[in-house]
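For reference, the chains in residue letters:
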Amino acid sequence: MDLLLNTVQPYDWGSTTLLPRLMGLPPSGAPQAELWMGAHPAAPSRVQRGEEAVPLDRVIDLDPAGELGAATLRRFGPRLPFLLKLLAADAPLSVQVHPDLAQARAGFERDNALGIPLDAPHRTYRDAQHKPELIVALTPFRGLCGFREPEECAALLDSLKVPGLHAYAQTLRFAPETLALTEVFRAFLSPPAGLLAAVTEALTAGGGPYETDLAAYAGIARARPDDAGLLPALMLRYVELEPGQALFLGPGVPHAYLSGLGVEIMAGSDNVLRCGLTSKHVDPAGLLRVVRFRSQQAGVLTPRDEGGEEVYRTPVDDFRLSRLRPRPGVPPRRLTLDAPQIVLCTAGELSVTSAGRTAHIGPGHSVYLPAGAEAALTGHGTAFRATTDDAREPRDAPTPHQ
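About the cut-offs
Counting restarts for each chain: residues are numbered from 1 in the order of the written sequence. Local features in a predicted model are, by the rule used here, given only for residues with pLDDT of at least 70; side-chain atom pairs are given and counted only at 80 or more, and totals for whole chains, interfaces and linings are based on all residues. Hydrogens are left out, water is left out, and the side-chain values use all remaining heavy atoms of the structure. By disulfide we mean two sulfur atoms from cysteines, separated by a distance within 2.5 Å. Whether a residue is buried, partly exposed or exposed follows from its accessible area with a 1.4 Å probe, protein chains only, as a fraction of its type maximum: under 20%, in between, or over 50%, in that order. Numbered from the N terminus, helices here are DSSP runs of H or I no shorter than four residues, and strands are runs of E no shorter than two. Contact definition: two residues touch when any of their heavy atoms are within 4.5 Å. Salt bridges are defined as contacts in which a side-chain nitrogen from Lys or Arg sits within 4 Å of a carboxyl oxygen from Asp or Glu. The reported arc concerns the directions from the helix axis to the C-beta atoms and nothing else. Classification of ring pairs rests on two measures: the distance between centres of Phe, Tyr or Trp rings, Trp counted by its six-membered ring, which must be within 6.5 Å, and the angle between planes, read as stacked under 30 degrees, edge-to-face over 60 and tilted in between. Whether a charge sits over a ring depends on NZ of Lys or CZ of Arg being within 6 Å of the ring centre and within 35 degrees of the ring normal.

A. Quick look at the state of the cysteines. Here the structure, examined in full by the defined rule, presents zero disulfides. As a non-bridged cysteine, Cys145 has Cys275 as the owner of its nearest cysteine sulfur, 13 Å distant. Cys153 provides the cysteine sulfur closest to Cys275, a residue in no disulfide bond, and the two sulfurs are 13 Å apart.

And the structure:
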């Protein structure tokens, strides 16, 4: 068991208060967007080994079988297959989409064949992995997720009373769904002169049956003025999560986070294709190959109780995220698994005991457990437990004692 020393990412969309408030620290005045927990080579967590703080990816490289376990090593290779984060947004993130595994492998090979350096700003595929994501709200959380039904999208565009949107609304009403969404989305990536300004002005008026949604889009326009990503964002469903609710983002689903604090877990990949609300590289042709042009409900998830562990079930095996809420007087929660784990405290004061050692963690702090480590959780608070979805409890492992 190791306490993790984690890196805060100061992206410009980050909140200056949400992470410090959670961790009981004074704000620095600078944005604190994400706290990373894992072995991502760009900012690996560190563990204390003697006098030295060692990056977790190096620890895994030295003994992949011992750290990851045989099943994880066989399925994912010598790497931690997930990255856990605390995400604190105070401004919109980019509207983005992620490839499936086949698309990621083909795109990675294509960029390699073109000789594009891995760290080049204009490179689209930085690895050969897919990047499904799950976000669980810790505060009220706002975002965009998936396409609206074409008829609903047309009605929202009509509500803005912008003449330049009329032809797009007609396409959405009368063309088959996939064709309608594809054509309008493609057109919005390169809008005619004056349309973005007209839409931005119309959003300030608000009102009507889409008042809440239009207020969210108006906020995007204020945060990202003159960014054409506002137009494709109009096609996406606006979603509000209450604490404990979650969104799963699978391949091809366009999405953007707008504001709030949440626990995010994702497959360990950097493959992001953006279509706006960003200063980073935008690859329209590559984006159109990956987006799945079909409407869908936002798919808000709630956890399922599985023997006192509240599990957020998703259709991928790269990760599994669950919530544990220990209380005084309740027996220790056994944590032993045949896969690596990260346990993050988000409320209260918790203790993780393993091999005669006890780590005390408060909000925003976390521990790493290698595969097979005998461990137990006690205290009074809330923890999120990250591991792989095919992890199993070793049958012969005893429950640790305090």
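B. Representation of unusual backbone geometry within the structure. Not every positive phi belongs to a glycine, and Asp226 is a case in point at roughly 65°. By relative accessible area, which is 74% here, Asp226 ends up exposed. A positive phi angle, near 60°, is found at Leu277, a position not held by glycine. Mapping Leu277 onto the fold places it in the loop between β13 (273-276) and α12 (284-290).

C. Spatial organisation of the side chain of Arg237. Note on placement: Arg237 falls in strand β10 (residues 236-241). Arg237 sits in the buried class, given a relative accessible area of 11%. Leave out the neighbours within four places in its chain, and Arg237 touches Gly143, Leu144, Cys145, Gly146, Phe147, Arg148, Glu149, Glu152, Gln296, Gln297 and Ala298.

D. How the structure looks around the environment of Cys345. Following the sequence through the fold, Cys345 ends up in strand β19 (residues 341-354). By relative accessible area, Cys345 is classed as buried at 0%. Sequence spacing of Cys345 and Ser94 is 251 residues, and the spatial spacing of their C-alpha atoms is 28 Å. Beyond its immediate sequence surroundings of up to four residues, Cys345 is in contact with Leu350, Ile361, Gly362, Pro363, Gly364, His365, Thr382 and Ala383.

E. Expanded view of the environment of Pro284. With respect to the helices and strands, Pro284 occurs in helix α12. Between the alpha carbons of Pro284 and Leu189 there is a distance of 7.4 Å; along the sequence they are 95 residues apart.

F. The arrangement of the pattern of salt bridges in detail. Going through the model one piece at a time under the given rule, you end up with 22 salt bridges. Arg313 is the salt-bridge partner of Glu306, the closest N and O atoms lying 2.9 Å from each other. Overall, Arg313 belongs to the partly exposed group, its relative accessible area being 33%. Residues participating in the shared-partner salt-bridge network are Arg148, Glu152, Asp213 and Arg237.

G. Expanded view of helix α9 (residues 195-203). Every buried residue of α9 is accounted for by Leu195, Leu196, Val199, Ala202 and Leu203. For α9, the angular spread of buried residues about the axis comes to 130°, placing them on one side. Relative to its buried face, α9 has exposed residues pointing more than 90 degrees away, namely Ala197 and Glu201. Contacts from the buried residues of α9 go to α7 (166-174), α8 (177-189), α10 (211-223) and α11 (230-233).

H. Representation of the packing of aromatic side chains in the model. The full count for this structure, using the stated rule, is six aromatic pairs. Taken together, a centroid distance of 5.7 Å and an interplanar angle of 40° make the contact between Tyr11 and Trp13 tilted. The buried category is assigned to Trp13, whose relative accessible area is 10%. With a centroid separation of 5.5 Å and an interplanar angle of 70°, the aromatic rings of Phe185 and Phe293 are classed as edge-to-face. With Phe185 in helix α8 and Phe293 in the loop between α12 and β14 (300-301), this residue pair connects regions lying 108 residues apart in the sequence. Exposure remark for Phe293: the relative accessible area of 9% places this residue in the buried category. Of the aromatic side chains, those joined through ring pairs into one cluster are Phe147, Phe185 and Phe293. Over the aromatic face of Tyr11 sits the side chain of Lys280, whose NZ or CZ is 5.8 Å from the ring centroid.

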